[in-house]
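Chains, contacts and geometry: an overview
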Amino acid sequence: MKPIQFRANITGTGKYLPEKVLSNQDIEKLVDTSDEWIQTRTGIRERRIVKNGQATAEMSTNAIIQLLEKRDISAEEIDAIIVATITPDMMFPSTAAIIQSNIKAKNAWGYDLSSACSGFLFGMQSGAALISSGQCKKVIVVGADTMSSILNFEDRNTCILFGDGAGAVLLEPSEEYGVIDSELRVDGSGGEYLKMDAGGSRLPASHHTVDNKQHFVYQDGKSVFKHAVKGMADISYQVASRNNLMGSDIDLFIPHQANKRIIDAAAKKLGLSDSQVMINIDRFANTTAATLPICLAEADEENMLSLGDNVILSAFGAGFSWGAMYIKWGLPAYA
Ligand code: UT7
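Residues numbered from 1 in each chain as written. Predicted model: local features only at pLDDT ≥ 70, side-chain atom pairs only at ≥ 80, totals over all residues. Heavy atoms only, no water.

**So, the environment of Ala233**
- Relative to the elements of secondary structure, Ala233 occurs in helix 7 (residues 221-242).
- Relative accessible area serves as the criterion here: at 6%, Ala233 is assigned to the buried category.
- Filtering out sequence-adjacent residues up to four positions away, Ala233 remains in contact with Ala228, Ala265, Ala266 and Lys269. (Helix = DSSP H or I, 4+ residues; strand = E, 2+ residues; numbered from the N terminus. Buried < 20%, exposed > 50% of the residue type's maximum accessible area, 1.4 Å probe, protein only. Contact = heavy atoms within 4.5 Å.)

**As for the domain arrangement of the protein chain**
- Domain annotation for the protein chain reports domain 1 (7-176) and domain 2 (180-328).
- Each of domain 1 and domain 2 has a C-alpha centre, and these two points are 14 Å apart.
- Taken together, the contact between domain 1 and domain 2 spans 51 residues of the former and 48 residues of the latter.
- A buried area of about 3,800 Å², summed over both sides, lies between domain 1 and domain 2, and 64% of it is on carbon and sulfur atoms.
- In this assembly, domain 1 and domain 2 are joined by four salt bridges.
- With its nearest N and O atoms 3.4 Å apart, the salt bridge here joins Arg45 to Asp282.
- Taken together, the links from domain 1 to domain 2 amount to 15 residue pairs in polar contact (both at pLDDT 80 or more).
- Residue assignment for the side of domain 1 that touches domain 2 shows that the elements contributing at least two residues are strand 1 (7-16), helix 2 (35-42), strand 3 (46-49), helix 3 (56-71), helix 5 (119-132), strand 6 (139-146) and strand 7 (164-174).
- Each residue belonging to the side of domain 1 that touches domain 2 can be placed in one class, and the counts come to 21 nonpolar, 17 polar and 13 charged. (Domains from an automatic or database assignment. Buried area = accessible area lost by both parts, 1.4 Å probe. Salt bridge = Lys/Arg side-chain N within 4 Å of Asp/Glu carboxyl O. Polar contact = N/O pair within 3.5 Å; in protein donor to acceptor, adjacent residues only side chain to side chain. Nonpolar A, V, L, I, M, F, W, Y, C, P; charged D, E, K, R; others polar.)

**A word on the sheet that holds strand 11 (residues 252-255)**
- Taking strand neighbours across the sheet as the criterion, the four strands line up as 8-13-12-11 in an open arrangement whose pairing is mixed. Both outer strands of the open sheet, strand 8 (178-186) and strand 11, are each paired with one neighbouring strand and no more. Here the strands of the sheet are splayed against their neighbours by 10 degrees on average, with no regard to which way each runs.
- Where strand 11 and strand 12 (residues 310-317) come together, four bridges link them in parallel fashion. Residue pairing in the sheet places Ile254 in a bridge with Leu313 of strand 12. (Pairing = 2+ DSSP bridges. Axes fitted to C-alpha atoms, helices over the stretch in contact; angles between N-to-C directions.)

Following this line, the structure appears as structure tokens:
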């Protein structure tokens, strides 16, 4: 008899967005920009920002608690917690360990994973491997970032683009639903275009690095834009077409939310109409690793998905790193 190959099915979602809204009008008071420029060039209207003292583990904990409550399961049932983030609470211990303690998941192990905007996709791939190998029965994959902690609010090239937030999904085995296919890539030659220079082992924090503002996000927007437009559109098309999904076969395309123009280019290549594309960049901006799980949680909450729907996730970010994943949705729409 052929052994059953289990898929990693998303059986729960949760999200947390800080209460504080930072609108484009608020940012107009900080740097030389305008609501009109930001909206037309990016599609962003506002973003959420943490209050003082709030950080990545706390946002992630809130997202997971929401997920566990929705599913009515105990944290003790969780086998592993994978946290995708570039803004961990601290260099070590891992944010996964802090979250494990917060939620009292006493039977879970876990770790952090750093791949910027693609981090959640990479975390999904790792979580799916733990499920389909039979090593774990319940894995939580979190994407969370406190981007406001590494933004220079005097730099109009970057401070308008990002927001804070966290999202989480629960993966469990299924014979029918879940992750069907994926394609993931890294090209480190793109590293110079989007980075934070200091604070690691090569350039530890010093008066010099602080004075030179090297603990902030640096981005060459034009170069990243050029690679992102092609990278996200091509890889989404590749995963969709090799699974015979085109146009109306795709129920929901969930792209990373860095720029509405990048999303539009990918959607066009897939032959999608607006109603097939998840958009929340207008309200939350680019929340880096948190973007995809926040989108998934919103789509779930708002009954945008039904059992068996074809979903394509896609991301592009620092590294460069990028990828796409095909998921057969395995949660029924709520009544
Ligand atoms: O999540 C990780 C992946 N990141 C991305 O995918 C982001 C990719 N990049 C982008 O989304 C876009 O490149 C940006 C939104 C960052 C910039 O848009 P753009 O259309 O590429 O603008 P640009 O950089 O070519 O700048 C055009 C002009 C420049 O002025 P000059 O040189 O033409 O006089 C900028 O100085 O706009 C100026 N500018 C601004 N003006 C008002 C740049 N930022 C601003 C701003 N407000 N915030």
